[in-house]
Amino acid sequence: MRGFEKFYTVFYILAGWVAVRFFLTDMKDIPDLLAFAGMAIVVYSIVKKKYSLARMASIGYVVSYLIGALFATDGLDAGGGRTNNLWIIWVVSYVILLLLGAYIEKKRVRALQNQKRK
């Protein structure tokens, strides 16, 4: 991964966090926690040269939010308070996308190892 791609990966998750946190939702904790976790995964992935995981972590932040917004439903809890399941869908889809990125990275490494053996 070239330096520009590393910058782009970090920038994408930061831009996604700003857009989601300040313009698209009233939630504060979930966007912050997911962005922090995503940035930690991006930095770890870049250091360990697991670039597929880094890309999926950065792109997955915004994509998983969009999935959550698409399938979110409003409701009422037992006490009559408003509820919304956007955050649950967002977190679960982000974890699934991260697992997909890890799987892609594992397949990429295996393909490189097989190519070196031949």
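Above this note sits the structure.
None of these values were measured; they are calculated from a predicted model. Per chain, residue numbering runs from 1 following the sequence as it is written. For a predicted model such as this one, the threshold for reporting local features is a pLDDT of at least 70, and the threshold for listing and counting side-chain atom pairs is 80 or more; totals across whole chains, interfaces and linings nevertheless cover every residue. Excluding hydrogens and water, the side-chain figures rest on all heavy atoms present in the structure.

1. Notes on the overall build of the protein
Only DSSP runs of H or I reaching four residues or more are called helices, and only runs of E reaching two or more are called strands; each is numbered from the N terminus. Per the secondary structure count, the protein includes four helices and two strands. From first element to last, N terminus to C terminus, the protein shows the α and β order α-α-α-β-β-α. Dimensions along the principal axes, computed over C-alpha positions, put the protein at roughly 65 × 25 × 20 Å. For each residue, the accessible area found with a 1.4 Å probe, counting protein chains only, is set against the maximum for its type, and the residue is called buried under 20%, exposed over 50%, and partly exposed in between. Here the protein holds 118 residues, and the buried ones make up 32% of them. Accessible areas in this description were obtained via Shrake-Rupley with a 1.4 Å probe; residue shielding takes into account the shown protein chains only. Element-wise, carbon and sulfur atoms account for 67% of the exposed surface of the protein, whose accessible area totals about 7,900 Å². The average position of the 16 basic charges and that of the 7 acidic charges among the side chains of the protein differ by 22 Å. Charge assignment in this entry is limited to Lys and Arg as positive and Asp and Glu as negative, and neither His nor the chain termini are counted. Every charge is mapped to an atom, namely NZ of Lys, CZ of Arg, CG of Asp or CD of Glu.

2. Quick look at the nonpolar core
Across soluble globular proteins, you tend to see nonpolar side chains buried next to one another. Grouping buried Ala, Val, Leu, Ile, Met, Phe, Trp, Tyr and Cys residues that are joined through side-chain atoms within 4.5 Å yields what is termed a nonpolar core. Counting residues in hydrophobic clusters, the biggest one holds 19 residues, and the most contacted among them are L34, Y61, W90 and Y94. In this structure, L34 is in contact with Y61, W90, V91 and Y94, ignoring residues within four places of it in sequence. Here, two residues are considered to be in contact whenever any of their heavy atoms come within 4.5 Å of each other.

3. Observations concerning the packing of helix α2 (residues 29-47) against helix α4 (residues 86-117)
The convention used is that axes are lines fitted to C-alpha atoms, helices contributing only their stretch in contact, and that angles between N-to-C directions extend from 0 to 180 degrees. Running from N to C, α2 and α4 point in directions that differ by 10°, and their axes come no closer than 11 Å. The orientation of α2 relative to α4 falls into the category roughly parallel. Of the residues in α4, those touching α2 at I30, P31, L34, G38 and I41 are W87, W90, V91, Y94 and L98. Gly counts as polar in this scheme, as do all residues outside two lists: the nonpolar Ala, Val, Leu, Ile, Met, Phe, Trp, Tyr, Cys and Pro, and the charged Asp, Glu, Lys and Arg. Among the residues forming the contact of α2 with α4, the class breakdown is nine nonpolar, one polar and no charged. The labels follow the angle: roughly parallel below 35 degrees, roughly antiparallel above 145, roughly perpendicular from 65 to 115, and oblique for the rest.

4. Description of the side chain of S64
Of note, S64 is situated in helix α3 (residues 51-71). On the basis of relative accessibility, which here comes to 0%, the residue S64 falls in the buried class. Among the polar contacts made by the side chain of S64, one reaches the main-chain carbonyl oxygen of G60 at a distance of 2.7 Å. Beyond its immediate sequence surroundings of up to four residues, S64 is in contact with W90, S93, Y94 and L97. Contacts described as polar in this section are N or O atom pairs within 3.5 Å, which, within protein, must combine one atom able to donate a hydrogen with one able to accept it, while residues neighboring in sequence count only if both atoms come from side chains.

5. With respect to the pattern of salt bridges
Salt bridges, as used here, are contacts in which a Lys or Arg side-chain nitrogen is within 4 Å of a carboxyl oxygen on Asp or Glu. Under the defined criterion, the tally for this structure stands at two salt bridges. The partner of D32 in a salt bridge is R21, with the nearest N and O atoms 2.7 Å apart. With D32 in helix α2 and R21 in helix α1 (residues 3-24), this pair connects stretches of sequence that are 11 residues apart. Given a relative accessible area of 27%, D32 falls into the partly exposed group. A salt bridge links E105 to R108, with the nearest nitrogen and oxygen atoms 2.5 Å apart.

6. Topic: the packing of aromatic side chains
Stacked, edge-to-face and tilted labels apply to pairs of Phe, Tyr and Trp rings (six-membered ring for Trp) whose centres lie within 6.5 Å, assigned for plane angles under 30 degrees, over 60, and everything in between, in that order. Applying the stated criterion across every chain, the model contains four aromatic pairs. Pairwise contacts between aromatic rings join Y61, Y65, W90 and Y94 into one cluster.

7. Examining unusual backbone geometry
For K49, which is not glycine, the phi torsion reads 60° and is therefore positive. Given the relative accessible area of 52%, K49 is considered exposed.

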